[in-house]
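In case you want the letters, here they are:
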Amino acid sequence: MIARRKLCLVDGSSYLYRAFHALPPLSTSRGEPTGAVLGVLNMLHKLVKEEAPDCIAVVFDAPGRSFRDELFEEYKAHRPPMPDELRAQVEPVLEAVRAMGLPLLRIEGVEADDVIGTLATRAAEAGMQVLISTGDKDMAQLVDEQVTLVNTMSNTRLDRDGVKAKFDVTPGQIVDYLALVGDSSDNIPGVPKVGPKTAAKWLNQYGSLDEIVAHADEVPGKVGESLRENLETLELSRRLATIRRDLDLDASPEALTSAAPDLDRLRALYTRLELSSLLRQLGGHSAAEPVAQAPAPEAGAAGGAPAQAVPPRRYETITDEASLERWLTALRAAGLAAFDTETTSLDYMQAGIVGVSFCVEPGHACYIPLAHDYAGAPDQLDRDATLAKLKPWLEDPARPKLGHHLKYDAHVLARHDIALAGMRYDSMLESYVLNSTATRHDMDSCAKRYLGIDTIGYEQVAGKGAKQIPFNQVPVDAAAEYAAEDADVTLQLHRALWPQLEAEPALRRLYEEIEQPLVPVLLRMEQHGVLVDRTVLAAQGREISRRLMELEAEIHAAAGQPFNVDSPKQLQEILFGKLGIPVLRRTPTGQPSTAEDVLEELADEYPLPRLILEYRSLAKLRSTYIDRLPEQIDAGTGRVHTSYHQAVAVTGRLSSSDPNLQNIPIRTPEGRRIRRAFVAPDGQLLLAADYSQIELRIMAHLSGDESLLAAFAADRDIHQATAAEVLGIEPAAVTAEQRRAAKAINFGLIYGMSAFGLARQLGIERGAAQQYVDRYFERYPGVKRYMDETRERARELGYVETVFGRRLYLPDIRSRNRQQQQYAERSAINAPMQGTAADIIKRAMIAVDGWIQRDRAPARLVMQVHDELVLEVEADALPAVRVEVVHLMAGAADLRVPLKVDTGAGPNWDEAH
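The rules behind each value
- Residues numbered from 1 in each chain as written.
- Predicted model: local features only at pLDDT ≥ 70, side-chain atom pairs only at ≥ 80, totals over all residues.
- Heavy atoms only, no water.
- Pairing = 2+ DSSP bridges.
- Helix = DSSP H or I, 4+ residues; strand = E, 2+ residues; numbered from the N terminus.
- Right-handed = clockwise from strand over helix to strand, strands pointing away.
- Core = buried A, V, L, I, M, F, W, Y, C linked by side-chain atoms within 4.5 Å.
- Buried < 20%, exposed > 50% of the residue type's maximum accessible area, 1.4 Å probe, protein only.
- Salt bridge = Lys/Arg side-chain N within 4 Å of Asp/Glu carboxyl O.
- Arc of directions from axis to C-beta.
- Contact = heavy atoms within 4.5 Å.
- Phe/Tyr/Trp six-rings, centres within 6.5 Å; stacked < 30°, edge-to-face > 60°.
- Lys NZ or Arg CZ within 6 Å of the ring centre and 35° of its normal.
- Axes fitted to C-alpha atoms, helices over the stretch in contact; angles between N-to-C directions.

Undergrad: Mind laying out the sheet that holds strand S14 (residues 639–640), listing which residues take part and the relevant values?
TA: Pairing is antiparallel in the open sheet, where three strands are placed in the order S14-S13-S17. Strands with a single pairing partner mark the edges of an open sheet, and in this sheet they are S14 and strand S17 (678–679). When strand S13 (residues 530–532) meets S14, the two strands line up antiparallel, connected through two bridges. For Leu531, the partnering residue across the bridge sits in S14 and is Arg639.

Written out as structure tokens, the structure is:
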């Protein structure tokens with residue numbers, strides 16, 4: 001049998017948008033955007049390599065109107081214009097496709113879908129096998145026995161059965177389905193209230209849109225009313241959704257064959273766009289060239305590691321004593337060994353060890369299965385006996401260990417009575433310190449970026465969703481490959497990342513003196529946890545529930561009718577329909593926005609938005625904390641054990657989850673009351689120690705402004721001092737309102753607030769706000785000079801630094817998109833202050849914990865929130881502990897102004913303030 005020729009039709013416009021939104025905003029050292037170019041070309045290379053088509057065409061939308069615009073003037077009216085960052089990449093993409101030798105089609109007056117539809121139909125009629133590469137669901141109408149859709153980004157295919165499984169209708173019914181459902185992005189009207197399930201149900205019942213229309217009177221309920229009210233627009237929707245298959249095209253499917261690539265032209269293009277990974281494929285990349293995948297201008301930290309030779313893999317599964325002894329000998333002899341634990345849970349308070357993996361040289365790793373207990377699982381070494389043999393090495397501080405997120409592994413080992421020591425390197429933290437914005441810092445992301453390795457995903461061995469199995473049920477063979485790779489990749493990452501940190505002394509110090517020493521401090525805090533009183537939360541929950549019922553009644557009265565307060569759609573109808581309140585902003589789908597900032601703006605003039613804001617605030621408080629916190633209390637300890645994350649916030653700040661302590665609201669009385677549930681054990685008190693105005697003090701240090709330095713040196717009220725300086729009056733004459741305005745300026749400038757933002761916050765005219773800002777900079781010229789110089793330096797280097805050398809890369813600082821550039825400039829001003837504050841609190845934590853461990857002080861660190869440390873302290877030792885904590889925190893940095901620490905103590909966290 002002769003194989004049919006294969007035609008690949010690439011929806012270039014779909015590729016372009018998907019690549020732009022899927023990849024970070026990459027750019028060259030000159031600020032030219034490249035992310036979409038890189039994404040499109042990578043997808044094309046992948047498609048051609050995997051499919052090896054006989055014929056191919058890459059089809060893009062042509063500029064200008066199409067016949068659908070003539071049919072319906074509002075067609076695609078709600079779709080925002082192409083972003084400038086994407087528009088700048090269209091021509092480079094087209095140039096690259098042509099230079100690759102791929103046929104490129106852009107036909108005026110029609111859309112890419114119609115060109116693809118016509119070519120697919122002609123090719124199928126000629127007996128060709130057709131593959132359409134797209135992410136557009138509308139293309140499903142083209143599927144038949146000879147036409148299949150492939151989504152290159154998700155590696156999924158849709159044939160006739162696949163279309164039915166996905167949409168619950170056949171390919172021949174897709175047009176009718178789309179006509180009923182509509183398309184908000186293309187502004188195809190559809191039938192309001194008819195969603196995918198209803199459309200599929202009707203089409204399965206009646207067979208076609210024409211039959212649905214013929215039986216419209218039989219459809220019950222509100223959805224039936226909506227159908228009958230919109231019968232006149234249904235035919236228009238169907239015509240808009242129909243892909244044409246009858247265009248008069250010059251190109252025939254058989255003639256769409258590739259030409260030889262123009263290598264010189266590609267090399268010149270890739271060099272200009274700094275697409276080093278693509279240059280390497282052409283054989284034209286040098287190590288000195290920057291890598292376009294980097295979100296910053298330099299090689300090294302910004303550009304990722306140079307390409308590493310991938311070592312051959314020798315992975316062993318250890319199930320006998322002799323092999324275990326051989327690996328123990330190798331571990332004892334190794335200068336550095338990477339290891340990883342496989343467990344039953346991500347919750348470190350519940351996780352048990354299923355197996356452990358080790359690697360002492362790249363490519364050579366082992367997995368020791370210990371607790372796989374599925375039916376038919378092979379014999380494994382005894383877990384307790386094996387861990388007992390590993391314990392001396394794991395607990396030896398003289399044997400350096402390497403891991404990726406070692407803190408979790410230390411938690412798990414502690415549950416098996418092993419106190420991990422020698423935590424020398426952590427590839428997650430190495431990646432984070434090197435460049436916090438380059439990538440996520442999970443192993444898969446780091447391996448992809450720095451090693452070019454696609455690791456085995458957890459879902460590949462354990463499944464996903466409801467069908468996911470625990471790791472102890474994963475077959476040992478699959479588990480061994482996955483786990484051994486983790487240890488192997490960890491070692492390879494360290495070898496790629498550490499030389500880059502060594503090349504930057506400030507970054508190496510940051511890693512060795514702050515981030516890695518902080519790991520055991522956080523480990524102890526997480527293991528100890530903090531006491532939470534359920535009864536306090538229960539009482540507050542009852543009060544909030546009562547208030548929510550009252551608010552609901554008030555909201556219904558203000559609306560003039562009952563409605564579902566939790567429904568944004570119903571709220572839209574009340575606010576902007578019945579009450580006629582002006583629409584301030586619309587959602588991406590064209591609906592009036594009821595977002596919080598919109599309601600806040602409306603709340604000054606209308607009562608209903610104010611009530612809705614209070615209702616939402618209390619409802620969120622109840623669901624997020626009051627209802628959730630009791631569920632998070634560990635049954636064994638009676639405490640809440642949060643997880644602190646070092647490698648999430650790009651500025652260096654710690655974040656936390658389960659629960660998120662950083663987001664407990666403190667601006668409302670109800671929010672502050674939640675802190676009452678965090679309590680001290682009997683005989684102890686909670687001590688809260690908080691840095692006072694630390695970011696303003698850092699601004700004074702960095703800017704060197706004489707007036708700011710003098711105000712802090714004299715321990716003056718900085719907001720009162722600012723008001724006096726700006727207004728030219730004596731400090732004693734400053735009113736409360738003037739101090740409030742000065743405070744808004746002091747903190748607003750740190751976060752890049754404009755005069756417009758200040759005017760909104762203070763409720764004054766923009767001109768008056770601008771005068772405030774102008775006078776501020778006249779009185780504090782050092783601040784203005786620092787901000788200007790920082791922006792300029794950020795544009796030169798592509799990053800800013802904290803006092804301790806932490807870097808924040810700013811890929812958008814040279815963006816041609818003004819909005820992105822302004823955001824990057826605001827970040828350039830704020831990041832050195834916020835990042836330095838993060839470094840200082842971390843240094844303070846290390847110092848305070850070190851004193852507690854060294855002197856066996858009667859205190860424990862239990863929480864870190866923003867610029868505050870919270871300790872449990874023996875009641876009779878409180879005065880001495882308070883003095884030492886203040887001393888250590890104030891000495892955590894040597895700035896040009898003193899660090900001030902405010903403290904409070906009490907039986908609960910609220911009273912400690």
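Further notes follow.
Undergrad: Can you tell me about the pairing of strand S12 (residues 423–426), naming the residues and giving the values?
TA: Relative to S12, strand S11 (residues 401–403) runs parallel, the two sharing three bridges. Note on S12: the bridge partner recorded for Gly403 is Asp426. For the crossover from S11 across helix H16 (residues 406–414) to S12, the handedness is right-handed.

Undergrad: If you had to explain the nonpolar core to someone new, which residues and values would you point to?
TA: Generally speaking, a soluble globular protein has its nonpolar side chains buried in company with each other. Grouped together as the largest cluster of nonpolar side chains are 178 residues, with contacts concentrated most on Phe358, Phe678, Tyr691, Ile840, Leu871 and Met889. In this structure, Val59, Leu119, Leu178 and Val191 belong to the second largest nonpolar core, which totals 52 residues.

Undergrad: Account for the pattern of salt bridges, naming residues and giving values.
TA: The tally for this structure, following the rule as stated, stands at 51 salt bridges. The shortest N-O distance in the salt bridge between Arg807 and Glu801 comes to 3.4 Å. Residue class for Glu801 comes out partly exposed when judged on its relative accessible area of 36%. Residues joined by salt bridges that share partners form a network here, namely Asp176, Asp210, Glu235 and Arg238.

Undergrad: Got a sec to walk through helix H12 (residues 263–273)? Specific residues and values, please.
TA: All of the buried residues in H12 are Leu266, Leu269, Tyr270 and Leu273. Seen from one end, H12 has its buried residues packed into an arc of 95°, which puts them on one side. Facing away from the buried side of H12, by more than 90 degrees, are the exposed residues Asp264 and Ala268. Each element contacted by the buried residues of H12 is listed here: helix H2 (35–51), helix H4 (84–99) and helix H13 (276–282).

Undergrad: With reference to specific residues and values, describe the packing of aromatic side chains.
TA: In this description, an aromatic ring pair is defined by two values, namely the gap between the centres and the angle between the planes. A complete count under the given rule lists twelve aromatic pairs for this structure. Ring centres of Tyr425 and Trp498 lie 5.0 Å apart, and the angle between their planes is 65°; this geometry places the pair in the edge-to-face category. Residue Tyr425 is located in strand S12, and its partner Trp498 is located in helix H20 (residues 476–502); the two are separated by 73 residues in the primary sequence. Ring geometry for Tyr776 versus Tyr780: centroids 4.8 Å apart, planes at 45°, classification tilted. Neither residue differs from the other here; Tyr776 and Tyr780 are each classed as buried. In this structure, Arg775 packs its charged tip against the face of Tyr772, placed 5.6 Å from the ring centre.

Undergrad: Before we move on, can you summarise the sheet that holds strand S5 (residues 147–151) with the specific residues and values?
TA: With respect to topology, six strands assemble into an open sheet ordered S3-S2-S1-S4-S5-S6, the strand pairing being mixed. On the outer flanks of this sheet lie strand S3 (104–105) and strand S6 (156–158), each paired with one strand and no other. Sheet topology note: the S5/S6 ladder contains three bridges and is antiparallel. Residue Asn151 lies in a different strand from S6, and its bridge partner there is Thr156. Against the sheet, H2 makes contact with strand S1 (6–11), strand S2 (55–59), strand S4 (129–133), S5 and S6, and its axis sits at roughly 165° relative to S1, the strand it touches most.

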